[in-house]
Amino acid sequence: MKDNRSLEQVWRADSADSFVEVMLTGLVYDKVLLNFCRYDASKEKNQRMIGSVGVFMDIYEAQRLARDILSGRICALGTAAKKKAAETGSKYAPNVFSVSGGTSANRRSDGKAVARTFSIAPGSKYPWILCAMQGEGEEVGSGLIKMKGKADVIVRVPLSNEKLKELALAIETVERIWEQSRFMPVVQDMMDEALARRKLVIDKAMAETAADNIAQTL
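For the structure given in this document, a descriptive report is provided here. (Residues numbered from 1 in each chain as written. Predicted model: local features only at pLDDT ≥ 70, side-chain atom pairs only at ≥ 80, totals over all residues. Heavy atoms only, no water.)

**Details of the environment of I74**
Along the chain, I74 turns up in helix α2 (residues 73-88). Its relative accessible area of 1% is what places I74 among the buried residues. Here the alpha-carbon distance between I74 and I120, two residues 46 residues apart in the chain, equals 9.1 Å. Beyond its immediate chain neighbours, meaning those up to four positions away, I74 contacts L65, D68, I69, V96, F97, W128 and L164. (Helix = DSSP H or I, 4+ residues; strand = E, 2+ residues; numbered from the N terminus. Buried < 20%, exposed > 50% of the residue type's maximum accessible area, 1.4 Å probe, protein only. Contact = heavy atoms within 4.5 Å.)

**Observations regarding a nonpolar patch on the surface**
A cluster of nonpolar residues, Y60, F183, M184, V186, V187, M190, M191 and L195, forms a patch on the protein surface that exposes about 720 Å² of accessible area. Here the nonpolar patch gets 7 residues from one element, more than from any other, and that element is helix α3 (residues 161-217). A relative accessible area of 42% places M184 in the partly exposed class. (Patch = residues over 30% accessible without salt bridge, like charges linked within 9 Å, V, L, I, M, F, W, Y side chains within 5 Å. Areas by Shrake-Rupley, 256 points an atom, 1.4 Å probe, with all protein chains shown as cover. Salt bridge = Lys/Arg side-chain N within 4 Å of Asp/Glu carboxyl O.)

**Notes on unusual backbone geometry**
With a phi angle near 60°, D30 is a residue other than glycine that sits in the positive phi range. Within the secondary structure, D30 sits in the loop between β2 (18-23) and β3 (31-39). By relative accessible area, D30 is classed as partly exposed at 30%.

**What to know about the environment of S124**
Along the chain, S124 falls in the loop between β6 (114-122) and β7 (128-139). Assessed through its relative accessible area of 68%, S124 is described here as exposed. Spatially, the C-alpha atom of S124 lies 8.8 Å from that of K82, the residues being 42 residues apart in sequence.

**Remarks on helix α1 (residues 59-71)**
Taking 1.5 Å per residue, 13 residues should reach 18 Å; α1 reaches 18 Å between its end C-alpha atoms and fits that length. Put simply, D58 is the residue that caps the front of α1, since its side-chain oxygen is 3.2 Å from the backbone nitrogen of Y60. G72, located one to two residues past α1, shows a positive phi value of around 95°. (Expected span 1.5 Å × (residues − 1). Polar contact = N/O pair within 3.5 Å; in protein donor to acceptor, adjacent residues only side chain to side chain.)

**Quick look at α2**
Taking 1.5 Å per residue, 16 residues should reach 22 Å; α2 reaches 23 Å between its end C-alpha atoms and fits that length. Where α2 ends, the next residue or the one after it, G89, has phi of about 75°, a positive value.

**Focus on the nonpolar core**
Counting 39 residues, the largest nonpolar core has F36 and F118 as the members making the most contacts within it. The element that contributes the greatest number of residues to this core is α3, accounting for 7 residues. (Core = buried A, V, L, I, M, F, W, Y, C linked by side-chain atoms within 4.5 Å.)

**Details of the side chain of Q9**
With respect to the helices and strands, the residue Q9 is situated in strand β1 (residues 9-14). Take Q9: its relative accessible area is 17%, and that puts it in the buried class. At a separation of 2.6 Å, a polar atom in the side chain of Q9 contacts the side chain of E21. If we ignore the near neighbours within four places in the chain, the residues touching Q9 are E21, V22 and M23.

**Some details on the side chain of R116**
Relative to the assigned elements, R116 resides in strand β6. Notably, R116 is buried but unbridged: the nearest opposite-charge side chain belongs to D110, and the N-O separation is 9.8 Å. Among the polar contacts made by the side chain of R116, one reaches the side chain of Q134 at a distance of 3.0 Å. Those residues in contact with R116 that sit more than four places away from it in its chain are V53, G54, V99, S100, G101, G102, T103, M133 and Q134. (Lys, Arg positive; Asp, Glu negative; His and termini not counted.)

**Some points on the layout of surface pockets**
Taken as a whole, the largest pocket holds about 680 Å³ of empty space. Taken together, 30 residues form the lining of the largest pocket, with Y92, A121, G123, I129 and R156 sitting closest to its centre. Looking at the lining of the largest pocket, the elements with two or more residues in it are α2, β5 (97-103), β6, β7 and β9 (153-159). Take the lining of the largest pocket: its biggest share by element is 5 residues, from β6. Across the lining of the largest pocket, the residue classes tally to 14 nonpolar, 10 polar and 6 charged. A volume near 470 Å³ is recorded for the second largest pocket. Lining the second largest pocket are 18 residues; nearest its centre among them are K31, F56, G102, R107 and R116. Listed by contribution, the elements that provide at least two residues to the lining of the second largest pocket are β4 (49-58) and β5. The class makeup of the residues in the lining of the second largest pocket is 6 nonpolar, 7 polar and 5 charged. (1 Å grid on protein atoms, 1.4 Å probe; cavity = no way out; pocket = protein on both sides within 12 Å on 5 of 7 lines; lining within 4 Å. Points joined across faces, edges and corners; volume = space filled by probe spheres on them. Nonpolar A, V, L, I, M, F, W, Y, C, P; charged D, E, K, R; others polar.)

In structure tokens:
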């Protein structure tokens, strides 16, 4: 089978009508991009996509989520959330993780802000439900954008416990790539300068030692 996956795609998880992927393309903004897509397989090819939400997470916020998943903290929060839902008679457990963001009005051609949210909650049929929402946004100061009314696009992707851990590992992969790409060029220049200075000192010391040895033989 021909492999036509995007080269920027690090990881992907699929459900019956949706998927979520971790992309490298957010790194130029110092962020991790989670791309959520919903589709209708019954439609003609190239017309199947019916909704998508791109969530940009701050690199360290994403790393913190990854570590909370791998440490078992998210799992513990999920257990507590399901217990709370059962005690209150709620059909759905509350989110154990959520992050909000979006695009401000002055960065869009239509002059309208867009809000986006990403959340993780324990599911009833599946261990976890990842949900991304997008809709008209309202800027509330300090760069914050909240959803104004109901979301226009909602994409939900169920995950197993194993797939949730894979998500965390994919985020850590992106974070390592970011660290190397972002800081290595800067550090390399500093290290080259430091090594050059050290070499001058060593060469001078060796030259002085050699001169002393010659003087002692005379």
